[in-house]
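Listed below, chain by chain, are the residues.
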Protein chains: 2
Amino acid sequence: MSEYVAPLKDMNFVLKHVVGLEQIGKLPGCEEVTDDLVEAIFGEAAKFANEVLSPLNTVGDKQGAKLANGVVTTPPGFKDAYWKFADAGWTQISSPPEFGGQGLPHVVATAVGEMWGSANMAFKLCPLLTGGAIEALHQHASKAMQAKYLPNMASGKWTGTMNLTEPQAGSDLALVRAKAVPQSDGSYKITGQKIFITYGEHDYTENIIHMVLARIEGAPEGVKGISLFLVPKFLVNDDGSIGARNDVQCASIEHKMGIHASPTCVMMYGEKGGATGFVIGEPNRGLEYMFVMMNAARLGVGLEGVSVCERALQHALVWARERVQGRPLVPMPGNPKSVPIIHHPDVKRMLLTMKAYAESTRALAYYASAALDIAERSTDETHKRMNQALVDLLIPVVKGWSTEVGIEAASLGIQVHGGMGYIEETGAAQYLRDARISAIYEGTTGIQANDLVGRKVGREGGQTALALLTDVDKTVAALKAEGDVQLQAVAKQLASGVAEARRATDWIVTVFPGNAAAVNAGCVHYLMLMGTVLGGWMMARAALVAAKQLKAGEGDSEYSRTKLITTRFYADHILTKANGFAEALVAGADSVLEMQENAF
Amino acid sequence: MSEYVAPLKDMNFVLKHVVGLEQIGKLPGCEEVTDDLVEAIFGEAAKFANEVLSPLNTVGDKQGAKLANGVVTTPPGFKDAYWKFADAGWTQISSPPEFGGQGLPHVVATAVGEMWGSANMAFKLCPLLTGGAIEALHQHASKAMQAKYLPNMASGKWTGTMNLTEPQAGSDLALVRAKAVPQSDGSYKITGQKIFITYGEHDYTENIIHMVLARIEGAPEGVKGISLFLVPKFLVNDDGSIGARNDVQCASIEHKMGIHASPTCVMMYGEKGGATGFVIGEPNRGLEYMFVMMNAARLGVGLEGVSVCERALQHALVWARERVQGRPLVPMPGNPKSVPIIHHPDVKRMLLTMKAYAESTRALAYYASAALDIAERSTDETHKRMNQALVDLLIPVVKGWSTEVGIEAASLGIQVHGGMGYIEETGAAQYLRDARISAIYEGTTGIQANDLVGRKVGREGGQTALALLTDVDKTVAALKAEGDVQLQAVAKQLASGVAEARRATDWIVTVFPGNAAAVNAGCVHYLMLMGTVLGGWMMARAALVAAKQLKAGEGDSEYSRTKLITTRFYADHILTKANGFAEALVAGADSVLEMQENAF
């Protein structure tokens, strides 16, 4: 079994040259974020991921989390790893400094999060969800509530959860039924069942702080009557000590396709009369609060796509270099009868596909994270607003596209292994089983795509999307200005891709106001198109810098040469899908809308 | 859990109107193959698949086959089902009549095999492999050997296996090391280890007849020194009774991602001095014999892609009709606040993708099977030869393309279920886990694609492929001649697809002689392109008949209307990928060949 090694060269290069760490360092509160600091943090994180988290990935899959008598036991080694993680300060990386966090920008937390996800996706989910809960409390809770809970959550002493889904309410949260009854002391008695609660119960920490969506008695129907509550597993006394056990229980944990080490819980609130909960912010604004927090969580899940591309690639490379099978198609010294399979062009194509996906999804996720930092921290209002619009546009693309291609990469990883890939002991199958959930939770690809074509493109006349595509045009022009043959080839496919993206965006802007259903029929094609083109744009920006460095004799010349080849590969093998996505969007609505439900 | 219901309408329609059952009925030995007979057989098979095999699919996955003390126990109910299957005569369906088989044409066995695969893929593998062994013996064994083994294999009393793979010899059979030492009585002592042996050991039958590749002592190195042996688990006495236990043991069974009910065995030959084996046909021609038999097996595995598309679709449809979630995008009577998710265009798009894949892969697999029947049975030598060339071209496409899109369909099936799809109890995940192997065994997609571009296109100057594309042109012309708006739209995309296929074929014909490596770099793109275009051709042929029947007021009008819509969907959502595949093939070799193995 190979262990994960963080791709620090690419991470640092992308951050410095594609995203522009310099501009982040100029934001208020980010003054200390320099190349040196970031490289030092990445180095430590890489070590932790390699030495502590990666070796637990297989045992986590094999043994899984177990429930007995209401107690969830995580697989051997996970609790210990969690405390090493918390003690090293990793839970605090992007938490607010006023509650003990390090307040580092999203772009740094994103890169670090990529490493956790590559090394051990099931482990990563606990800090990811806690981060979401911290965000919700930081933005919306009263000062008193913050003071009571946030320091222990930021330090990792307690963890957090998000309780949205109920059996009848998945993507459609208007159907939430959990009930909250006001008490004379200002608290609420919460009752109801929540499902799919990640790390809803576990043995890492003494307390778990649940964020729970519920309806206050008498609240309006639908989404406007939902409030957000804090429901601790153990009540917390005023002096911060642990009080009585609250009326919330884990009734069962799911038997899932993957991420076995992450307990996915059915949570029962108020089976003994009502769990004590505290409303966060104002009543009836719960969904709005949830959605703000969800943006960060969606970015975190999109990142899982990046993580699996990288991890599956590394695993497949070890095998492709070791496994000797078949005559070489390209003449080789010594004329061997059989060669490591990495020599076969078709195998190299699969590995390059995984590599191109890893690097393009990485760059786009980092780019979106940087935009989020600017949107949150910039003092220039126009710059702030533009970046917020960019974040809103990019998040569904990062979430949807990266996870879809992550699944494809994990499946290719199996394919590179041939028959061995299907044997669980090889480890390749776990990446596909784990990754498969990422295109579903925190909003399926269809939900992301519908958000993209509706709120993010259709309703604003495509303004942000079209502006972004103009930026891509500039990159095409810059590529054309270079003499390099690789960059010329990239320019050709990127120009064609951006033309398809523009055609598709124009079509949505025209059709959406009168026929939202027609746009919904092809929304996933549009999301994949935008991911494909923007990913190509990221690769092209990196390739431009690499070409310049090569010319100037600067940087790591092997890395630069490989970046050029990988970008060329992306252009010819991946960007070439753009036409198909655009055509399917523009031509494909009629058959979908004509099909009657009972005719299947 | 839904049970499988065979799509008899589409099966019968495709067989009658797209493949042309009539021409099969005119072949020698097929005189009794009429519409009525075939419908009766399909009806019985459908009943068996629904009532006996489908209900065992989940328990097979959950409990799996188990090994203890050299004995493999299949999951509860499987042995009983096997004997019902054999007693009903299903093992004999296409076996030679002289050994008790029914000698039905491939096209009928293919359709029946689709049902077994949909209902219970892990079960199906045992008769599939036995069929391969029967084929090998029927074509190459001596009369005496045939008389001794074939009647009991055809009746299902004994099963058969294929033993090719060794730890160091997977796709590259030149590396086979298993050894055969001639004995004075004309038999051989076989020693060696074989891996990935499907149903290598089980508890269904009293005996198992292994087909084993091994090298006779002193044979030439490489592929020219490999012979094929029959090695029975129990030796068979001259009177046909069971004799001594042979020196072959199941050492372990694999822990796989899916098809848990199918024991995948490590087989040890000759641990106690040598297993008694009998050479089949002539020494040193084993690989050639294996490859003949493999054509049928590859068709059978390609069919697993068809089976999973259909099964995953049926399962997802039940959920999509029940699950109520989200407001309707299309106005509905009563203006409901939430509707079954099948009403959402994006969900309908996923279901239509699965349906379009099921119907197109089905038609192409049946079409290839009919060509195989003609190649085997026709008395017209030209017709025979042309159909053999067609079979040779189509088999890698059916195997590679159908299994790749089968995996995609199974993954979409999970996606339709949302979070529930990731929970094993829902059943959707099993289809993906089971189907994932189909793109690997009997030759990976890359191996199929390399065979296609090399032996089937490159070496014959694209003759068969280009002739086939001319047939597609004729269908385009026929579509254009119809006034129907759906057919016009289909014509447009099919014309564009066939143009891309021709461009890609011409490129291969030009480049292959001088640069096989460049062609290998994009061979999977070409395979996917050909599958996509030929699948579209099949859909278009069906749609033409459906349109004519609608006009004439004949046939099942609801089925015909749905076929037109599904074909239109295929054209706009799937055929539109053709450009991307062709472009990636033609433009994509440079980056793959330039990439150095150590640069990843």
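Along each chain, residues carry numbers from 1 onward, in the same order as the chain's sequence is written. All chains are assigned letters beginning at A, and all ligands numbers beginning at 1, according to the order in which they are written. Local features in this predicted model are restricted to residues of pLDDT 70 or higher, and side-chain atom pairs are both shown and tallied only at a pLDDT of 80 or more, whereas totals for entire chains, interfaces and linings draw on every residue.

### Some points on the nonpolar core
Our working definition: The nonpolar core criterion groups buried Ala, Val, Leu, Ile, Met, Phe, Trp, Tyr and Cys residues into a set whenever they are joined through C-beta atoms within 7 Å. Partly exposed residues are those falling between the two cut-offs: more than 12 but fewer than 20 other C-beta atoms within 10 Å of their own, whereas 20 or more means buried and 12 or fewer means exposed, with C-beta atoms placed from the backbone. Working definition of a contact: two residues with C-beta atoms, positioned from the backbone, lying within 7 Å.
Counting residues in each nonpolar core, the largest one holds 418 residues, and the members touching the most others are Phe229 of chain A together with Phe229 of chain B. Every residue in contact with phenylalanine 229 of chain B, bar those within four places of it in the chain, is listed here: Ala180, Tyr188, Ile190, Val212, Ala214, Gly277, Phe278, Val279 and Ile280 of chain B.

### Quick notes on the pairing of strand β9 (residues 242-245) of chain A
All names here are of chain A. This is how the line gets drawn: Pairing between strands is defined by DSSP: at least two bridges between the two strands are required. To qualify as a helix, a DSSP run of H or I must reach at least 4 residues; to qualify as a strand, a run of E must reach at least 2; elements of each kind are numbered from the N terminus.
In terms of strand pairing, strand β8 (residues 234-236) meets β9 through two bridges, oriented antiparallel. Within the sheet, the bridge partner assigned to valine 236 lies in β9 and is isoleucine 242. Taking the residues between adjacent antiparallel strands as the criterion, β8 and β9 are bridged by five residues, where glycine 240 takes a positive phi near 90°.

### As for the interface of chain B and chain A
Between chain B and chain A, the contact holds 77 residues from the first and 77 residues from the second. Elements represented by at least two residues in the side of chain B that touches chain A include exactly α10 (345-377), α11 (381-416), α13 (445-457), α16 (516-521), α17 (523-552), α18 (557-574), α19 (578-587) and α20 (589-594) of chain B.

### Notes on the packing of helix α9 (residues 286-322) of chain A against helix α11 (residues 381-416) of chain A
All names here are of chain A. The line we're drawing: Orientation is described by lines fitted to C-alpha atoms, with helices fitted over the stretch in contact, and by angles between N-to-C directions that extend from 0 to 180 degrees. Relative orientations are named as follows: roughly parallel for angles under 35 degrees, roughly antiparallel for angles over 145 degrees, roughly perpendicular for angles from 65 to 115 degrees, and oblique for any other angle. Crossing handedness is read from the near helix: turned anticlockwise from the far helix by less than a right angle, it gives a left-handed crossing, and turned clockwise, a right-handed one. Each residue is assigned to one of three groups, with Ala, Val, Leu, Ile, Met, Phe, Trp, Tyr, Cys and Pro labelled nonpolar, Asp, Glu, Lys and Arg labelled charged, and all others, Gly among them, labelled polar.
Two elements in contact, α9 and α11, have axes whose closest approach is 8 Å; the angle formed by their N-to-C orientations is 20°. In this view, α9 runs roughly parallel relative to α11, as classed from their interaxial angle. As for the relative orientation of α9 and α11, their crossing is left-handed in sense. Of the residues that constitute the contact of α9 with α11, the class distribution is 16 nonpolar, eight polar and three charged.

### Comments concerning the pairing of strand β7 (residues 227-232) of chain A
Residues and elements named next belong to chain A. Burial analysis of β7 places six of its six residues in the buried class, the great majority of the element. The alternating pattern of β7 places Ser227, Phe229 and Val231 and Leu228, Leu230 and Pro232 on opposite faces, both of which are buried. Pairing between strand β6 (residues 207-216) and β7: six bridges, direction antiparallel. By the bridge assignment for β7, valine 212 is matched with phenylalanine 229. Bridge analysis of β7 against strand β12 (residues 275-279) gives two bridges, and the strand direction is antiparallel.

### Focus: unusual backbone geometry
All names here are of chain A. Phi angles above zero are rare outside glycine, and phenylalanine 196 is one such case at about 60°. Of note, phenylalanine 196 is situated in strand β5 (residues 188-198). With 26 C-beta atoms packed within 10 Å, phenylalanine 196 lands in the buried category.

### Some details on the environment of glutamine 463 of chain B
By the secondary structure assignment, glutamine 463 of chain B is in helix α14 (residues 463-481). Between the C-alpha atoms of glutamine 463 of chain B and threonine 382 of chain B, which are 81 residues apart in sequence, the distance is 15 Å.

### Re the relation of the copies chain B and chain A
Note the following rule: All copies are superposed by least squares; the fitting set is the C-alpha atoms of residues with a pLDDT of at least 70 in both.
Once chain B is rotated about the relating axis by 180° and shifted along it by 0.0 Å, it coincides with chain A to within an RMSD of 0.0 Å. What we have between these two chains is a two-fold relation. Interface residue correspondence from chain B to chain A reaches 100%, placing this contact among same-surface, isologous pairings.

### Examining the confidence of the model for chain A
Cut-off, in case you're wondering: The predictor attaches a confidence to each residue, called pLDDT, with possible values from 0 through 100.
Of all residues in chain A, 100% attain a pLDDT of 70 or more, and the chain-wide mean is 96. This complex was scored by the predictor with a pTM of 0.98 and an ipTM of 0.98.

### Topic: α17 of chain B
All names here are of chain B. Selection criterion: Expected span of a helix, by definition, is 1.5 Å for each gap between consecutive residues, and there is one gap fewer than residues.
In a regular helix each residue adds 1.5 Å, so 30 residues correspond to 44 Å; α17 covers 44 Å between its end C-alpha atoms and thus fits that length. In terms of burial, α17 is largely enclosed, as 24 of its 30 residues are buried. Count one or two residues on from α17 and you reach glycine 553, which has phi positive near 65°.

### Here's the deal with the environment of histidine 138 of chain A
Residues and elements named next belong to chain A. One can find histidine 138 in helix α7 (residues 121-140). Take histidine 138: there are 18 C-beta atoms within 10 Å of it, and that puts it in the partly exposed class. Histidine 138 sits 43 residues away from serine 95 along the chain, and the two C-alpha atoms are 9.0 Å apart.

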